[in-house]
Amino acid sequence: MHTCFIKKIIVQINASFLQHQEAITAGELSCRSLVAYYLERIERNRHLNAFVEVYEQEALAQAGVLDRKRNEGGKIGRLHGLVLGVKDVICHKGHQVTAPLKCWAVLSRSLPPLRSNDS
């Protein structure tokens, strides 16, 4: 089993989201540390081409916001700290949608890149 030491807790590769969330809620694991861990794994496995784009700075900044909220005693939801990748066929505010489909390849020659609605 692969493990990575983050603060005083061992994050297991096959740990469930609930285990991560419990550690975050208890203050044993920060969102920023967890995001940094997964970003490092993405970088280490870049040769797999699993991600078209990685928004490292945005992810770390958002994790910092979540950590501050928790540290200040703010209410945290059930998905607080969830680390996930978003497929590039789903619109996400301010990010390009590449939709790597054969039909999109034809359309993209004559259309500007799609962007999600920023309003």
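Residues numbered from 1 in each chain as written. Predicted model: local features only at pLDDT ≥ 70, side-chain atom pairs only at ≥ 80, totals over all residues. Heavy atoms only, no water.

1. Comments concerning the pattern of salt bridges
Put simply, the rule reads: Here, a salt bridge means any Lys or Arg side-chain nitrogen found within 4 Å of an Asp or Glu carboxyl oxygen. Buried residues are those whose accessible area, probed at 1.4 Å on protein chains only, stays under 20% of the maximum for their type, while exposed residues exceed 50% and partly exposed ones sit between those limits.
Evaluation of the coordinates by the stated rule reveals three salt bridges. Across the pair arginine 46 and glutamate 43 runs a salt bridge whose closest N-O atoms are separated by 2.9 Å. Since its relative accessible area comes to 46%, glutamate 43 is described here as partly exposed.

2. So, unusual backbone geometry
Quick note on the threshold: Each helix corresponds to a stretch of at least 4 residues labelled H or I by DSSP, and each strand to a stretch of at least 2 residues labelled E; elements are numbered beginning at the N terminus.
You will see that asparagine 49, though not glycine, has its phi angle at about 55 degrees, which is positive. Examined against the element boundaries, asparagine 49 turns out to sit in the loop between α2 (31-44) and α3 (56-71). According to the relative accessible area criterion, asparagine 49 is exposed, its value standing at 64%.

3. Things to note about the nonpolar core
Put simply, the test is: Among buried residues, the Ala, Val, Leu, Ile, Met, Phe, Trp, Tyr and Cys ones that are joined through side-chain atoms within 4.5 Å form a nonpolar core. Pairs of residues are marked as contacts when any of their non-hydrogen atoms sit within 4.5 Å.
Ala23, Ile24, Leu29, Cys31, Leu34, Val35, Leu39, Leu60 and Ala63 together form the largest nonpolar core, which totals nine residues. Counting only elements with at least two residues in this core, the list comes to α1 (17-25), α2 and α3. Among the elements that line this core, the one with the most residues is α2, at four residues. Sequence-distant contacts of leucine 39, that is, excluding residues within four places in its chain, are made with Val54, Glu56 and Leu60.

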